[in-house]
Amino acid sequence: MSDLPDTFDYIVWGAGLSECILSAALTRAGHSVLHLDSWQQYGGAWQSPTLRDLESQLAEVAPGARLAWAQPAEADAWRSRSRYFCLDLSPRLCFCRGDTVSALLQSDVSRYLEFLPVSGLYTVDEAGCLERAPVQRGQLFRSDRFSLVEKLHCGRFAEFCVSCQPDRDLADAGSFPELLARHGLRSGPAQRLFALAVGMSPPDSPAETVVAGIRRFLASCGAYGPSPLLVPKYGASEICQAFSRHAAVWGAVFHLGADPDRPPAEARRRLIVSDRFAQSGWLDLGRKRRLFRQILVTDGSWAPRSEDQQDADEVRLAVCMLPGFTRPLLAMELPPETGCCPTGTRVVHLLQPCSPGESPPTDCVQCALAPFTDLRFERLPPCCQCASEPTAANLPTETALDKNLGQSDSTGQPADSAGQPADSAGQPADSVGQRADSMSQTADSVSQPDDSVGQLADSARQPDDSVGQPADSASQPANSTGQPADSAIQPADSASQSADSAEQPADSSGQPADSAGQPADSADQPAAAADDQQPFRKPSCILSVCFVQDDLSDCLNPGALPDNVTVVPSLYSDFDFDVAFQRAKELFDELCPGQEFLPRPPDQEDLVFDQPASEAPTVNGDCGEGENEGAAEAAPPATPAAEVTPNGDSSESQPENAR
Amino acid sequence: FRTAMHGRPRVRTTEEQRAAKAKERAAKVIEYRAAMDDAMRLRQLCQDSLAGLEPDERRKNREQLLRVTQALLQANPDIGTLWAARRETLQQIEQQQQQQQQEQQQQQEQQKQQEQQKQQEQQQQQEQQQQQEQQKQQEQQKQQEQQKQQQQQQSDEAIVAQLSNELQLTAACLMQNPKSYGAWHHRAWTLDRLGVSRADLAGELRLTRQFLQRDERNFHCWDHRRHVCRLGGVPASEELAFSDKLLTANMGNFSAWHYRSRLLLAQTDGGLTAQTRKRELDTALSAMFSDPADTAPWAYYRWLMSPPSEPQRLLWLRYLSRNDKSDNTDWDNDENVSSCVLMCLSRPVTKAWLAKLLDIRLLPAGNNGDGCRLEAEDPVPVAAVSGCGSANPAAHLWRLPIKAADGVEVIRVSVGADSTLMSSTVSTAAPGRLRLLPSPTQPSAVDEALRSEQLNLIRQLNELAGDSRQGLLTEAALLPTPAEALPLLDRLAQLDPTRSGAYGHARSRLAVRARLQEAKSEPETLSLAGLGLTALPLMHEFAFVSELDLSDNRLTRLPGQVAGLQLLQTLDARRNRLADADACRPLAACRRLRVLRLTGNPLAEEAAALAELSGQLSERVRIELD
């Protein structure tokens with residue numbers, strides 16, 4: 001600690017995205033910056049923990065979160081592969097020509113990052129089925145959901161959106177469906193394509209809003225390949241880390257795991273505080289916006305592999321409206337290629353923002369998102385919170401649910417387990433993990449009755465365990481008012497089950513052959529192997545994590561702030577990174593008026609050192625109280641000069657650092 | 001803390017960078033030259049080495065040559081000489097290995113013979129052990145055969161290893177320059193060398209796919225893919241699926257559409273089935289509606305709807321005789337030839353092609369038998385359409401000299417034996433000297449219902465998307481009669497002024513075609529007046545006319561094909577845009593021309609130009625300016 005100065009120009013609390021960008025910008029502008037966070041991970045609310053870290057820190061980073069294994073018996077097997085997971089708390093998208101990308105390129109921070117294009121965009125049709133949105137010309141050309149004339153109108157409408165001047169052409173355009181109808185597009189697929197998939201807005205919003213979204217989307221097309229959207233490899237916290245590294249290279253000091261009550265230094269100019277560290281009076285929580293989040297780990301994709309992508313699987317998005325919400329749901333499916341999950345699995349992130357003051361149909365995240373998830377995935381863990389609500393009004397529902405569960409257990413499961421070997425035989429190239437999976441599944445199906453009992457017992461136990469429970473029990477009246485909504489979800493549930501049972505005959509048709517004995521079975525399998533078009537199998541859920549995040553960006557109470565304090569919102573409910581960059585730039589312009597925001601650093605090859613390396617004095621960093629102020633040795637400035645690594649865990653949790 | 005930051009970066013000036021780069025480049029040039037000299041020297045050595053050097057030394061030279069050229073080619077894959085040197089060397093290695101094998105075999109056989117001789121001697125001495133010896137002998141033979149097989153396998157493996165090294169090298173070179181002629185050629189050569197059994201053709205197709213994904217217009221790569229498909233007998237259906245994928249990625253991929261058309265033709269042996277055509281039309285329409293501005297699917301669509309090309313056939317025959325008093329023209333310098341037949345074919349042919357198939361028979365009066373075959377005379381091309389000036393020009397019109405035609409009433413001309421389209425007769429007597437052959441009813445490519453359905457779709461698209469070049473062109477192509485398409489071509493010329501010349505030509509063609517289709521009482525006079533012609537297409541079809549009316553058109557010059565009007569006597573070219581004598585130059589070849597009407601042309605206003613023109617033409621031509 002002795003070498004650490006007593007004062008810095010700026011002290012930043014919170015390692016979230018805006019904060020990291022801001023500290024990089026301030027450092028590049030020549031200010032000294034001390035960056036602190038109480039958590040042990042970079043990223044703050046944007047961190048991408050491993051499976052173990054998520055499990056252990058969930059209560060801290062997302063109070064009220066609920067983590068449930070579909071098959072609790074498998075949990076340990078997955079925990080042993082913990083480090084293959086980067087489970088984003090706040091996954092977001094990059095527009096190829098958005099502020100994020102231009103800032104990354106301009107500052108050359110992009111050198112630390114890798115991105116993958118989003119190549120599959122989906123919406124959900126009236127029947128609840130996923131519908132690939134033909135956002136590229138070639139996809140529109142191949143689509144069979146549009147008539148010839150509609151295809152023409154789609155192209156013309158996209159051209160209109162690009163070329164129109166919103167102030168002039170859209171001033172009295174009315175609602176978006178009206179605008180579309182004026183362009184000859186009245187069908188459901190067309191509305192979903194433009195409003196949801198391209199505009200990422202509710203279909204009935206004003207034309208101006210949606211067209212702005214469309215313009216933004218289309219402007220990014222063709223920048224880096226056909227897809228306008230990118231996702232960072234290894235999770236969103238990579239971007240935070242890249243900016244932290246950039247800041248550290250230029251002299252900022254980072255210290256994770258700091259105690260908010262005992263700041264190690266004073267700020268000479270200004271204290272920049274993430275809203276996580278804001279004092280209670282600084283924020284007006286009435287204006288907060290909630291963001292429903294669910295992370296699902298599944299054993300496969302929700303859509304069959306598309307034809308044009310042969311080598312790598314796609315990053316897929318789905319945008320749709322859920323009943324009871326005014327803003328669309330974003331579902332993001334990340335394949336192993338993103339480095340976010342092991343081979344044979346997918347991570348699905350669901351983001352459902354609520355408008356301020358909006359009361360969603362239920363406060364239970366899993367129930368609220370069930371209209372999407374139930375039709376996509378199998379073996380979703382039962383929603384314990386709602387199922388076991390001990391109110392009298394809930395009891396009939398519970399028994400109904402119980403019965404449903406029982407039914408599916410008694411009729412569905414054996415058929416399922418019988419179908420399992422055929423399934424695994426049909427996919428010979430599956431990874432080891434999958435085999436382990438199916439093995440454990442068969443093991444499970446043997447012990448199924450006990451298991452389901454155990455799950456019910458689990459669910460009975462859950463309320464005491466969960467951190468969110470006190471809040472929940474406090475809001476019991478609210479829950480009981482939510483009861484009708486709950487029962488409204490029930491039909492959807494049973495509908496999905498009927499869909500299940502509709503599928504099961506197909507499964508069970510293979511079953512007699514199975515039970516009849518080997519010869520029939522072996523006769524069956526070559527036929528299955530010869531069939532190129534394997535029947536699409538719904539992916540099974542492995543793990544589900546539900547939580548609620550708060551978007552406090554509108555909650556600042558500027559009057560209550562001390563003079564030398566700036567509060568940075570840590571999170572946004574937008575689907576992309578750009579807001580974080582815009583906010584960081586605004587704050588930077590406020591703090592350092594007239595200075596360039598993140599100027600381009602000189603190229604590595606052009607660096608010439610004034611002093612030979614041998615003459616450069618070394619600084620011996622003192623280690624004290626578990627913190628290590630990195631040594632600014634004679635290393636070239638590309639390596640972090642003063643990056644503080646909290647402890648040994650970081651190498652596991654941050655694959656980027658390891659490389 | 002900041003004071004501890006040492007090694008502050010300083011950006012190097014651009015002059016420093018420039019100097020450093022120049023230095024680097026100079027070093028590279030020296031290195032390259034040395035390596036190049038080395039390669040040439042080694043190549044020389046390898047070629048000469050058959051004379052003096054030891055086998056070991058030769059082998060070393062070859063290996064070194066391969067090493068040096070590899071390094072050079074990796075730096076610059078476009079040095080064809082080095083690829084050639086590699087091919088030579090590889091062939092030498094292969095030959096040498098084959099030689100070695102043969103030598104070894106010979107040696108072994110000799111040894112065997114010697115052993116057998118010895119054994120025979122031994123057998124004589126030790127007859128008791130005969131049976132045992134035989135057994136041994138058999139075993140030895142087996143061993144020897146095995147050895148032979150092993151050796152063959154070894155040498156085979158060595159060659160395969162060397163060739164797969166070539167594949168790796170070319171792949172690396174192509175990564176650097178995907179359009180290197182030398183590297184692609186060398187790769188194809190290597191694959192041929194490996195043959196179907198040893199080459200990994202699936203991998204090769206994967207490679208071409210990757211290159212085509214990177215650059216869909218890499219024609220080298222397309223060629224290579226076709227080569228691989230030919231080599232491996234890849235079915236057309238698989239390649240169609242491949243082109244499907246490319247089109248999904250980019251439906252403006254002209255090459256993929258074209259590849260598709262070739263594959264379909266190969267698959268169905270020429271003509272598309274109605275089902276295939278409908279499917280492909282739907283695909284193309286979907287692409288056209290998705291983006292009407294993309295020209296590639298339009299071109300493919302027009303190809304799908306285009307009629308099959310006209311078959312080769314005789315269009316007309318015309319008998320000419322020197323003895324004819326009205327025909328006192330010096331149309332041939334050969335005094336022996338008293339008469340000739342003018343023959344017109346629907347497609348231009350060359351003399352070599354014609355000479356092989358032509359069969360002229362003279363049929364005496366009343367004799368409908370075989371007649372006597374005329375001795376082969378060289379046919380003379382008239383107004384060749386291509387290859388003018390070369391030894392073997394192609395022409396529609398041919399003059400067939402006829403010797404000794406006295407007493408002959410009918411001449412039969414056949415081109416090729418078995419086709420009724422290619423054989424006809426012409427009379428030498430005055431009324432029947434022109435024989436016009438009726439055009440056979442052609443089976444159209446698409447039936448009428450499909451055509452009108454498609455026409456409606458295209459009209460709908462044009463209405464919605466607004467007039468576009470492709471849209472109007474396609475609509476014009478789908479219209480049932482030429483006359484209906486004329487207004488569309490006028491609109492096209494307005495819409496796209498840069499190509500108005502081409503549209504004028506197309507329009508002229510349609511207008512002339514329409515006029516020719518009208519039934520005529522007097523075939524030897526033709527009026528093309530007032531058709532707005534800017535060009536004179538299809539002239540061979542009416543090259544027998546004696547009177548031609550071209551007045552009130554927009555001709556700026558008379559095309560060279562006018563020289564084919566061998567019987568033309570009166571040409572009315574009033575009110576055109578003929579500017580100078582040069583515009584009428586082809587008329588000089590019309591030997592029977594007597595009257596030329598030029599009023600209303602810029603040419604007629606200038607005395608100098610007129611004088612020049614009458615100098616070009618024979619004195620028998622009267623230029624009328626009324």
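Residues numbered from 1 in each chain as written. Chains lettered and ligands numbered in written order. Predicted model: local features only at pLDDT ≥ 70, side-chain atom pairs only at ≥ 80, totals over all residues. Heavy atoms only, no water.

## Overview of the overall build of chain A
How we decide: Secondary structure follows DSSP: runs of H or I at least 4 residues long count as helices, runs of E at least 2 residues long count as strands, and numbering of each begins at the N terminus. Think of it in three bands: with a 1.4 Å probe and only protein chains considered, a residue is buried below 20% of the maximum accessible area for its type, exposed above 50%, and partly exposed in between. Throughout, a contact is declared for two residues whenever any of their heavy atoms are within 4.5 Å. Surface accessibility follows the Shrake-Rupley procedure with a 1.4 Å probe radius. Residue values consider only the protein chains on display as shielding.
Within chain A, the secondary structure is distributed over 23 helices and 18 strands. When each of the 659 residues of chain A is scored for burial, the buried share is 53%. Looking at chain A alone, contacts between residues at least 24 apart form 76% of all its contacts between residues at least 6 apart. Split by element, the accessible area of chain A, about 27400 Å² in all, is 52% carbon and sulfur.

## Concerning the state of the cysteines
Here, disulfide denotes a covalent bond that connects the sulfur atoms of two cysteines. All names here are of chain A. Just so we agree on the cut-off: The term disulfide is used for any two cysteine sulfur atoms that are within 2.5 Å.
According to the stated counting rule, one finds zero disulfides over all chains in the structure shown. Just so you know, Cys129 is unpaired, no disulfide at all, and the nearest cysteine sulfur is the one on Cys320, 12 Å from it. The cysteine Cys541 is free of any disulfide, with Cys546 supplying the nearest cysteine sulfur at 9.1 Å. Among the residues examined, Cys541 registers a relative accessible area of 4% and is labelled buried.

## Regarding the domain arrangement of chain B
Residues and elements named next belong to chain B. The condition that has to hold: For the domain bounds, the source is a domain assignment made automatically or taken from a database. One speaks of a salt bridge when a side-chain nitrogen belonging to Lys or Arg is within 4 Å of a carboxyl oxygen belonging to Asp or Glu. Pairs of N or O atoms within 3.5 Å make up the polar contacts considered here, provided that, within protein, one atom can donate a hydrogen while the other can accept it, and that residues adjacent in sequence are counted only when both atoms are side-chain atoms.
When cut into domains, chain B gives domain 1 (314-436) and domain 2 (482-488 + 497-624). Contacts between the two partners involve 22 residues from domain 1 and, on the opposite side, 16 residues from domain 2. Scanning the region where domain 1 abuts domain 2 turns up one salt bridge. Linking Glu524 and Arg318 is a salt bridge whose minimum nitrogen-to-oxygen distance equals 3.9 Å. In this assembly, domain 1 and domain 2 are joined by three residue pairs in polar contact (both at pLDDT 80 or more).

## Some remarks on the pairing of strand E10 (residues 289-298) of chain A
Look at any regular strand and the pattern is simple: side chains alternate between the two faces of the sheet. Residue and element names in this part refer to chain A. Where we set the bar: Strands pair, by our definition, only if DSSP identifies at least two bridges between them.
For E10, the tally of buried residues reaches nine of 10 residues, placing the bulk of the element in the interior. The sheet contact formed by E10 and strand E14 (residues 541-551) spans 10 bridges and is antiparallel. Counterpart to Ile295 in the pairing with E14 is Val545. In the sheet, E10 pairs with strand E13 (residues 346-353) via eight bridges, with the strands oriented antiparallel. Residue pairing in the sheet places Gln294 in a bridge with Leu350 of E13.

## A closer look at unusual backbone geometry
Residue and element names in this part refer to chain A. Phi at Arg379 is positive, roughly 60 degrees, even though this residue is not glycine. Here Arg379 shows up in the loop between helix H12 (365-376) and helix H13 (384-387). Positioned with a positive phi, Leu598 is a non-glycine residue whose angle comes to about 50 degrees. Looking at where Leu598 falls in the secondary structure, it is placed in the loop between helix H21 (578-591) and strand E16 (607-609). You can call Leu598 buried: its relative accessible area is 1%.

## A few points about the side chain of A:Asp88
Residue and element names in this part refer to chain A. We count it as follows: For this count, His and the chain ends are skipped, Lys and Arg are scored as positive, and Asp and Glu as negative.
Positionally, Asp88 belongs in the loop between helix H3 (75-79) and strand E4 (94-95). For the buried Asp88, no salt bridge exists, and the shortest N-O distance to an oppositely charged side chain is 6.9 Å, to Arg293. Among the polar contacts listed, one links the side chain of Asp88 to the side chain of Ser48, at a separation of 2.4 Å. Once residues within four sequence positions are removed from consideration, Asp88 is found in contact with Gln47, Ser48, Gly235, Ala236, Ser237, Arg293, Ile295 and His349.

## Focus on the sheet that holds strand E6 (residues 380-382) of chain B
All names here are of chain B. Heads up, the condition is: As a rule, the C-alpha atoms of each element are fitted with a line to give its axis, helices using only the stretch in contact, and angles between N-to-C directions run from 0 to 180 degrees.
Ordered in space as E6-E7-E3-E2-E10, the five strands form an open sheet in which the pairing is antiparallel. Of all the strands in the sheet, just E6 and strand E10 (434-436) have a single pairing partner and so form its edges. On average, each strand axis in the sheet is tilted by 25 degrees relative to the strand beside it, whichever way the strands run. Note: strand E2 (residues 314-321) against E10, three bridges, orientation antiparallel.

## Regarding the side chain of B:Asn576
Residues and elements named next belong to chain B. Considering the arrangement of structural elements, one finds Asn576 in the loop between strand E13 (570-572) and strand E14 (595-597). A relative accessible area of 5% places Asn576 in the buried class. A polar side-chain atom of Asn576 sits 2.8 Å from the main-chain carbonyl oxygen of Leu550.

## Here we look at the sheet that holds strand E4 (residues 358-364) of chain B
All names here are of chain B. On the basis of which strands lie adjacent, the open sheet formed by four strands has the order E5-E4-E8-E9 and antiparallel pairing. Whereas interior strands pair on both sides, the edge strands pair on one side only; in this sheet they are strand E5 (372-373) and strand E9 (423-427). Where E4 lies against E5, two bridges are found, and the strand directions are antiparallel. Residue pairing across strands places Arg361 opposite Arg373, the latter belonging to E5.

## Considerations on the domain arrangement of chain A
When the parts come together, some accessible area is lost, and that loss is often what is quoted as the size of the interface. Residue and element names in this part refer to chain A. This is how it is decided: Simply put, the buried area is the total loss of 1.4 Å probe accessible area from both parts when two parts are fitted together. In this classification, Asp, Glu, Lys and Arg are treated as charged, Ala, Val, Leu, Ile, Met, Phe, Trp, Tyr, Cys and Pro as nonpolar, and every other residue, Gly included, as polar.
On domain assignment, one finds that chain A holds domain 1 (1-48 + 233-286 + 553-597), domain 2 (52-85 + 114-131 + 289-384 + 539-551) and domain 3 (136-220). Taking only C-alpha atoms, the centre of domain 2 and the centre of domain 3 are 27 Å apart. Of the residues lining the interface, 14 residues belong to domain 2; the matching set on domain 3 comes to 12 residues. Summing both partners gives a buried area of about 990 Å² for domain 2 against domain 3, and 63% of it is carried by carbon and sulfur. Our enumeration of links across domain 2 and domain 3 arrives at four salt bridges. Between domain 2 and domain 3 we count four residue pairs in polar contact (both at pLDDT 80 or more) in total. Mapped onto the side of domain 2 that touches domain 3, the elements with two or more residues apiece are strand E5 (115-124) and strand E11 (315-320). For the side of domain 2 that touches domain 3, the leading source of residues is E5, giving four residues. Looking at the side of domain 2 that touches domain 3, its residues break down into seven nonpolar, three polar and four charged.

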